[in-house]
Amino acid sequence: MHPSTPPTAGHHNEKTAEHRDGTAAELCDEPPAGHLDDTPAAYREWTARHSAQATARRTAALVNALVDEAPSADTVAEVLREHGENDVPEFSADDLAELRSAALRLREVFAADDTDRAAERLNRLLRSTAGTLRLTSHDGASPWHPHLDSADDAPWGEWFLASSCLSLLVLLWNHQRPPGGVCASSACRNVYLTLGSGLPRRYCSRRCATRERVAAYRRARG
């Protein structure tokens, strides 16, 4: 279970922030220029931090950290801290097993060859989530936002799968293409996100892309 300490102004603690809202996806467009936004400043900061893209970035980072057969609890905790978790607990062996199971299932969405397959795999995961779509404010500790897990203090694996599904759903819906992919480098297993409207990516990083170009050049030269 997870603590429910209310956040201070402009700051949100553990699950009241990323874990509690892991799905706080921004389903609306930005307001037009000149629009006077009367949303409280702390809430504007909160909704910007917890956009679909931010949650999806956390998803990709966790998937990459959890694909090893024996993922390190310290590594997983560090990834969570890097993505906004302020009070990460010591993970038990069961916690890590549940997180890894969710990561392997989510990786199938990234590995989909096209939009239809990505949507099919995402729909399959959505059907398996423990909860139904609901709104929560964590007893007034945060703005209202959507959840797909069974409760605000759901187990880590359940939260990870549900929050990731909702964020990837928004990305696929918004861009009408797979939300990401698997690095094409033979020496890398990482997944990556496909954001923006540029050419499709093949590699998770410039480092992998450069390594593959150098290898191809050397092969061509014999």
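Throughout, residues of each chain are indexed from 1 in the direction in which the sequence is written. Restriction of local features to residues with pLDDT of at least 70 applies here, the model being predicted, together with a cutoff of 80 or more for giving and counting side-chain atom pairs; totals for whole chains, interfaces and linings are based on all residues. Side-chain metrics rest on all non-hydrogen atoms present in the structure, leaving aside hydrogens and water.

Draft legend 1. Highlighting the overall build of the protein chain. Secondary structure counts use DSSP, requiring at least four H or I residues in a row for a helix and at least two E residues in a row for a strand, with both numbered from the N terminus. Counting its regular elements, the protein chain contains eight helices and four strands. Sequence-ordered secondary structure for the protein chain, helices as α and strands as β, is α-α-α-α-α-α-β-β-α-β-β-α. Classification of the 222 residues of the protein chain by burial places 45% in the buried group. Contact criterion: two residues are considered in contact whenever any of their non-hydrogen atoms come within 4.5 Å of each other. The contacts in the protein chain between residues at least 6 apart in sequence include a share of 58% that link residues at least 24 apart. A total accessible area of about 12,100 Å² is found for the protein chain, and carbon and sulfur atoms account for 50% of it. Partly exposed residues are those whose accessible area sits between 20% and 50% of the maximum for their type, while under 20% is buried and over 50% is exposed, using a 1.4 Å probe and protein chains only. Accessibility throughout is a Shrake-Rupley quantity obtained with a 1.4 Å probe, and a residue counts as covered only by protein chains that appear here.

Draft legend 2. Region of interest: the environment of Ala65. The topology assignment puts Ala65 in helix 3 (residues 52-66). You can call Ala65 buried: its relative accessible area is 11%. Expressed as a C-alpha distance, the spacing of Ala65 and Asn190, which sit 125 residues apart in the sequence, is 8.8 Å. Ignoring any residue separated from it by four or fewer positions in sequence, one finds Ala65 in contact with Pro71, Thr75 and Val79.

Draft legend 3. Main features of helix 3. Its 15 residues give helix 3 an end-to-end C-alpha distance of 21 Å, which sits within 8% of 21 Å, the value for a rise of 1.5 Å per residue. Every buried residue of helix 3 is accounted for by Ala52, Ala54, Thr55, Ala56, Arg58, Thr59, Ala60, Leu62, Val63, Ala65 and Leu66. One less than the number of residues in a helix, times 1.5 Å, gives the span that helix is expected to have.

Draft legend 4. Structural view of the pattern of salt bridges. For this analysis, a salt bridge means a side-chain nitrogen from Lys or Arg found within 4 Å of a carboxyl oxygen belonging to Asp or Glu. Scanning all chains against the criterion turns up five salt bridges. Between Arg134 and Asp149 there is a salt bridge whose closest N-O contact spans 2.9 Å. Of this pair, Arg134 sits in strand 1 (residues 134-136) while Asp149 sits in the loop between strand 2 (145-147) and helix 7 (156-175), and the two are 15 residues apart along the sequence. A single salt-bridge network, built from bridges that share partners, covers Arg134, Asp149 and Asp152.

Draft legend 5. Region of the structure containing unusual backbone geometry. The phi angle at His138 is positive, at roughly 50°, despite the residue not being glycine. Looking at where His138 falls in the secondary structure, it is placed in the loop between strand 1 and strand 2. With a relative accessible area of 9%, His138 lands in the buried category. We note that Asp139 has phi near 60°; this positive angle belongs to a residue other than glycine. Inspection of the secondary structure puts Asp139 in the loop between strand 1 and strand 2.

Draft legend 6. Summary view of the environment of Asp95. Along the polypeptide, Asp95 turns up in helix 5 (residues 93-110). Along the primary structure Asp95 and Ala73 are separated by 22 residues, whereas in three dimensions their C-alpha atoms are 9.2 Å apart. Among residues more than four places away in sequence, those in contact with Asp95 are Glu90 and Trp156.

Draft legend 7. Quick peek at the side chain of His147. You can see His147 is positioned in strand 2. A relative accessible area of 2% places His147 in the buried class. Within 3.5 Å is the distance limit for a polar contact, defined as a pair of N or O atoms, with the added protein rule that one can donate a hydrogen and the other accept it, and that residues adjacent in sequence qualify only through two side-chain atoms. Within the local environment of His147, its side chain forms a polar contact with the side chain of His145, the two groups lying 3.3 Å apart.

Draft legend 8. Molecular detail of the nonpolar core. Of all hydrophobic cores here, the largest spans 33 residues; its most connected members are Val76, Leu80, Phe91, Leu106, Phe160 and Leu168. Going through the elements one at a time, helix 3, helix 4 (73-82), helix 5, helix 6 (115-128), helix 7 and strand 4 (191-193) are the ones with two or more residues in this core. It is helix 7 that provides the largest number of residues to this core, a total of eight residues. With residues up to four places along the chain from it excluded, the contact list for Leu168 reads Ala56, Leu106, Val109, Phe110, Leu122, Pro179 and Leu193. The term nonpolar core refers to a set of buried residues drawn from Ala, Val, Leu, Ile, Met, Phe, Trp, Tyr and Cys, joined through side-chain atoms within 4.5 Å. Judged by nonpolar contacts, the second largest core, of seven residues, contains Cys183, Cys188, Tyr192 and Tyr203.

Draft legend 9. Representation of the packing of helix 3 against helix 7. Geometry is summarised by axes, namely lines fitted to C-alpha atoms with helices restricted to the contacting stretch, and by angles between N-to-C directions that run from 0 to 180 degrees. Following both chains from N to C, one finds helix 3 and helix 7 inclined at 125°, their axes separated by 9 Å at the closest point. Considered as vectors, helix 3 and helix 7 are oriented oblique to each other. The way helix 3 lies across helix 7 gives a crossing that is left-handed. Only Trp159, Phe160, Ser163, Ser164, Ser167, Leu168, Val170 and Leu171 of helix 7 make contact with helix 3, whose side of the interface consists of Ala52, Gln53, Thr55, Ala56, Arg58, Thr59, Leu62, Val63 and Leu66. Residue composition of the contact of helix 3 with helix 7, grouped by class: 10 nonpolar, six polar and one charged. For classification purposes, angles smaller than 35 degrees are called roughly parallel, those larger than 145 roughly antiparallel, those between 65 and 115 roughly perpendicular, and all remaining angles oblique. Take the far helix as your reference; a near helix turned counterclockwise from it by less than a right angle gives a left-handed crossing, and one turned clockwise gives a right-handed crossing. Polar here means any residue outside two lists: the nonpolar Ala, Val, Leu, Ile, Met, Phe, Trp, Tyr, Cys and Pro, and the charged Asp, Glu, Lys and Arg; Gly therefore counts as polar.

As far as function goes, none of this settles anything; it's purely spatial.
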